[in-house]
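Examining the three-dimensional arrangement
The chain contents come next:
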Amino acid sequence: METTLLSCKLPGKLKTGVDRAIEDWRKNEKVRRLWARDASLWTGAGEEKWLGWLEIPAGQMEQAGRFRALSAEIQREKFSHILLLGMGGSSLCPDVLNRTFGKQDRFPEFHVLDSTDPAQIRSTENRIRLDQTLFIVASKSGSTLEPNIFKEYFFERVKEKVGPEETGSRFLAITDPRSALQEMAERGRFRRICFGLPGIGGRYSALSDFGMVPAACMGIDVPRFLAGAVRMAGECAATVPADANPGVILGAVLGVLGMGGRDKVTLITSPRLRALGGWLEQLLAESTGKQGKGLIPVDGEPLGDPGQYGNDRLFVQIVLENDPDADQATAVRRLEEAGHPVVRIPVADPHDLGGEFFRWEFATAVAGSIIGINPFDQPDVEASKIATRELTREYEQKGAFPDETPLLEEDGLALFTDPRNAAALTGGMEGSAGLDRWLGAHLARLQTGDYFALLAYVEMNSDNREILQEIRRLVLDSRRVATCLGFGPRFLHSTGQAYKGGPNSGLFLQLTCGEMEDLPVPGRRYTFGAVKAAQAMGDFQVLSDRQRRVLRVHLGTGVRAGLATLRDRIRKVL
C-alpha cells in the first residue's frame, strides 16, 4: 500500500482489513460525504458544525497579504521576544513551528508558555525582556483559565515596566468572535485582535489564525507554508479515489488497526520534526479517546528492539528528507522485518508541515468514523475543568484545599491514592509495606496490551525530562508495554481526554511537587501553585471516577532529587 505521499508495510490480515475499509469508503462515497459535511459518517451529533478546517487552507491563502503585512509590522517594531500564552490547540501548533523552524533572521525570539507551574512561569519570564516583548494571548473560547491568568500576570508585569498607557500595545489576542477574550482585549486596548472560525475546534485550528498568526510573527513564510496545505487538501479531495487519497489511507490504517487492538500509535520522527509529536498527541487522543475506545499516541518513547513490542503497536515514521537519522532508519527497518505494522511519511521540507497538518486532521476524521465516535468533542476534558474550577473556588473561599492523608511517607516521597486503588494494591501485601512494595505492586498491575503513563506536574525542563525518560525506558524494558509522558497541566488539554475516556488500559503514575517559590495571580485570592495543585487534584479525581489505576507520588520541593529517588526505586522494584 503506497503512494508518493506515504507507504504502509502491513502484515497480511491487517492489510486485508484496511483494504476492506478503503473499499467501503469508495463504494459508499464517504469522501464526498465528508466534504459535504454529512454527520451520519460519525454519530449524527452535530459533527457537521465542526468541519470548517476543510476549507481553511484555501481561505487563508486568499489572505496571504495579511500575513505578509503582519510579518513586516513585527520586523518594524523590533521586539526582542514574542511570548505566546495559551493551552492545547491554541499553543501546540505555534510550539511545533517554533521548535522546528527556530529563530528567523531579523525576527524576535519566540517562546510558548502553557504551564501553570510557578517555576516554569518564572524561568520563561527570565528568558525575555518584559519591555521589549510582544505577548500573544490565544484562547478560542476566551474563557480558558490558564491563558486568562497568564495574561493577568504579564499584563501587570509589563505595566510596571512601560506604564499603563503603553501596556496594551504590547499584547495581541487570537480568539473567536464575541468571546470574553475579545472584550478583554478591547478594554485593554490590545494592538490587534485576530479571529478564529467558530466552526473549527481547537485541535483542528493549526491552519487558522491560531497557528498562522504566530507563524507570521516568528517570520515563517506563511504563504509558502499554506501552499503545502492547499496541495494536500487537493490530494484529499472528494474527486480523488479512496485508494489514492492519502488522508483516507492513513485514516483507514489508524481506525482499522486501532479497532483491532493496535491502538498504541507510536510516533517516530526525524530529529528536526520531534516537536510534531506533541501536536499529533492532542489531535489523535482528544479526537478519538472516548466511550472506552480510541487511539493512544506514544510520543518520544526511546526506541527499543522489535521483541520489546507487543501486538498493540502501530509505528508511524515521519521523515524529513534532509534530516536523516541512520540509527532510527535501521531501527524502523528491523521493526518491519519483525512483522510490526509501519507507516512511513516523507516530508520534503519543514514548510510541508502545512500539508501534514491537513493530512492528519483529515485522517483523524476518517479514523473517527471507522472507530464510531464523534472526533470533534472532548467530554472528559470538560470533566477535569469542572473539577478544577470547584477546587479553585473552594481554595479561594477557605484558603486551603481539603486535607489529604498519605498512604506512606518515605525517603522524601509521599504516596496517595483513592480507597479503591489502595485496596487493590494492598490485596497481595502482608504486614507493613514500604515505598518499594507500593511502587512494585502498582507496576505489577501492568498487563499485555496496557500502557504506562507518567503525569508529571513539574517544570518541563531538560533535567526533569531526562529522568522521566529513564523511567519510561525502565518500564518498557521490564514490562514491555507502551509508555507515555505528559507534563501537567499541559497534557490535560491533550492526551488527558484519552486517558480518562479511552480504553481502560492505562496505568498512571501522577507526580506532584511543592513550590520553592510561588507566584500570585493578580486580582485573585489564589496563586499559580494553587491552580496547578487544583488541576492535579481534579485530574486525579476524574481518573478515579473513571475507574482508572492511578497512584500519586508527591516529590516535595526538591523536584530533581525526588525524581532521582523515584527512578532509583523503580529500577530496584523492576
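The structure this text deals with has already been given above.
Note that the structure is predicted; figures quoted are calculated from it, not measured.

Reading the values: the criteria
- Residues numbered from 1 in each chain as written.
- Predicted model: local features only at pLDDT ≥ 70, side-chain atom pairs only at ≥ 80, totals over all residues.
- Heavy atoms only, no water.
- Helix = DSSP H or I, 4+ residues; strand = E, 2+ residues; numbered from the N terminus.
- Buried < 20%, exposed > 50% of the residue type's maximum accessible area, 1.4 Å probe, protein only.
- Contact = heavy atoms within 4.5 Å.
- Lys, Arg positive; Asp, Glu negative; His and termini not counted.
- Charge placed at Lys NZ, Arg CZ, Asp CG, Glu CD.
- Pairing = 2+ DSSP bridges.
- Axes fitted to C-alpha atoms, helices over the stretch in contact; angles between N-to-C directions.
- Phe/Tyr/Trp six-rings, centres within 6.5 Å; stacked < 30°, edge-to-face > 60°.
- Lys NZ or Arg CZ within 6 Å of the ring centre and 35° of its normal.
- Salt bridge = Lys/Arg side-chain N within 4 Å of Asp/Glu carboxyl O.
- Core = buried A, V, L, I, M, F, W, Y, C linked by side-chain atoms within 4.5 Å.
- Disulfide = S-S within 2.5 Å.
- Right-handed = clockwise from strand over helix to strand, strands pointing away.
- Expected span 1.5 Å × (residues − 1).
- Arc of directions from axis to C-beta.

Once that is clear, we can look at the overall build of the protein. Across its full length, the protein holds 22 helices and 17 strands. Counting the 574 residues in the protein, one finds 61% classified as buried. In the protein, 79% of the contacts between residues at least 6 apart in sequence involve partners at least 24 apart. Distance between charge centres in the protein, computed from 72 positive and 75 negative side chains, equals 1 Å.

Moving on: the sheet that holds strand β6 (residues 171–175). Strand order in the open sheet formed by 5 strands is β4-β3-β5-β6-β7, with parallel pairing between adjacent strands. With partners counted over all chains shown, the strands left at the sheet margins are β4 (109–113) and β7 (192–195), one partner each. Mean inter-strand twist for the sheet, computed between neighbouring axes without regard to direction, equals 20 degrees. With 5 bridges connecting them, strand β3 (residues 81–85) and strand β5 (residues 133–138) associate as parallel partners.

Within the structure shown, the criterion is met by 26 aromatic pairs. Judged by centre distance (5.7 Å) and plane angle (85 degrees), the rings of Tyr153 and Phe528 are edge-to-face. Of the two residues, Tyr153 sits in helix α7 (residues 145–162) while Phe528 sits in helix α21 (residues 528–545), which places them 375 residues apart along the sequence. Assigned by exposure class, Tyr153 and Phe528 land together as buried. Connected via pairs of aromatic rings, a cluster forms that spans Phe135, Phe150, Tyr153, Phe154, Phe155, Phe171, Phe190 and Phe528. Here the guanidinium or amino end of Arg66 rests over the ring plane of Phe67, the centre of that ring lying 4.6 Å away. Between Lys151 and the ring centre of Phe155, over which it is positioned, the NZ or CZ distance is 4.3 Å.

Attention now moves to the pattern of salt bridges. Taken as a whole and judged by the stated rule, the model has 45 salt bridges. Measuring nitrogen to oxygen at the nearest pair gives 3.0 Å for the salt bridge that ties Asp38 to Arg33. Overall, Asp38 belongs to the partly exposed group, its relative accessible area being 23%. Taking relative accessible area as the criterion, Arg33 reaches 18% and is therefore assigned buried. In this structure, Glu77 and Arg191 form a salt bridge, with 3.4 Å as the shortest nitrogen-oxygen distance. Here the residue Glu77 occupies a position in helix α4 (residues 64–77), and Arg191 occupies one in the loop between α9 (180–187) and β7, the gap between them amounting to 114 residues. For Glu77, a relative accessible area of 39% gives the class partly exposed. Linked by salt bridges that have partners in common, Glu410, Asp411, Asp436, Arg569 and Lys572 make up one network.

It is worth spelling out the nonpolar core at this point. Core analysis: the largest hydrophobic core is formed by 91 residues, its most contacted members being Trp53, Leu97, Leu254, Trp279, Phe357, Trp360 and Phe362. Counting 34 residues, the second largest nonpolar core, distinct from the first, contains Leu413, Ile471, Leu511 and Ile570.

In this section: the environment of Gly278. Mapping Gly278 onto the fold places it in helix α13 (residues 276–288). For the pair Gly278 and Leu51, spaced 227 residues apart in sequence, the C-alpha separation works out to 22 Å.

A few words on the state of the cysteines. Here the structure, examined in full by the defined rule, presents 0 disulfides. Residue Cys93 stays outside any disulfide, its sulfur separated by 13 Å from that of Cys217, the closest cysteine.

Moving on, we get to the side chain of Asn98. Within the fold, Asn98 resides in helix α5 (residues 92–101). Judged by its relative accessible area of 16%, Asn98 falls in the buried class. What Asn98 contacts, discounting residues up to four positions off in sequence, is Phe110 and Met218.

With that out of the way, let us pick up the pairing of β4. Within β4, 4 of the 5 residues are buried, leaving the element largely enclosed by the surrounding structure. As a crossover connection, the stretch from β3 through α5 into β4 is right-handed.

Here we take up the sheet that holds strand β12 (residues 408–410). Strands sit in the order β12-β13-β17-β16-β14-β15 across an open sheet of 6 strands; the sheet is mixed. With partners counted over all chains shown, the strands left at the sheet margins are β12 and β15 (482–487), one partner each. Across the sheet, the mean angle from the axis of one strand to that of its neighbour is 20 degrees, orientation sign disregarded. Judged from the 3 bridges that link them, β12 and strand β13 (residues 413–416) form a sheet pairing that is antiparallel. Bridge assignment links Glu409 to a residue of β13, and that residue is Ala414. In the packing of α21 onto the sheet, the strands contacted are β13, β14 (451–456), β16 (506–512) and β17 (549–554), and the crossing angle to β16 comes to about 160 degrees.

It is worth spelling out unusual backbone geometry at this point. Cis geometry is found at the peptide bond from Gly488 to Pro489, where omega equals 5 degrees. Within the secondary structure layout, Pro489 lies in the loop between β15 and α20 (496–501). Here Arg480, not a glycine, exhibits a phi torsion of approximately 60 degrees, which is positive. Structurally, Arg480 can be placed in the loop between α19 (462–479) and β15.

Once that is clear, we can look at the pairing of β13. Side-chain positions along a regular strand alternate between the two faces of the sheet. With burial as the criterion, each face of β13 is covered, one bearing Leu413 and Leu415 and the other bearing Ala414 and Phe416. Hairpin geometry of β12 and β13 is characterised by an intervening segment of 2 residues between the two adjacent antiparallel strands and by a positive phi of about 55 degrees at Asp411. As paired strands, β13 and β17 are joined by 3 bridges and run antiparallel to one another. When the bridges of β17 are listed, Phe416 appears paired with Arg552.

Between its first and last C-alpha atoms helix α1 (residues 12–27) spans 22 Å; for 16 residues at 1.5 Å apiece the expected length is 22 Å, and the two agree. Considered for burial, the residues of α1 that qualify are Gly17, Val18, Ala21, Ile22 and Trp25. Buried residues of α1, viewed axially, fall in a sector of 135 degrees; they line one side. In α1, the exposed residues that point more than 90 degrees away from the buried face are Gly12, Lys13, Arg20 and Lys27. Against α2 (30–35), α12 (246–259) and α15 (353–371) lie the buried residues of α1.

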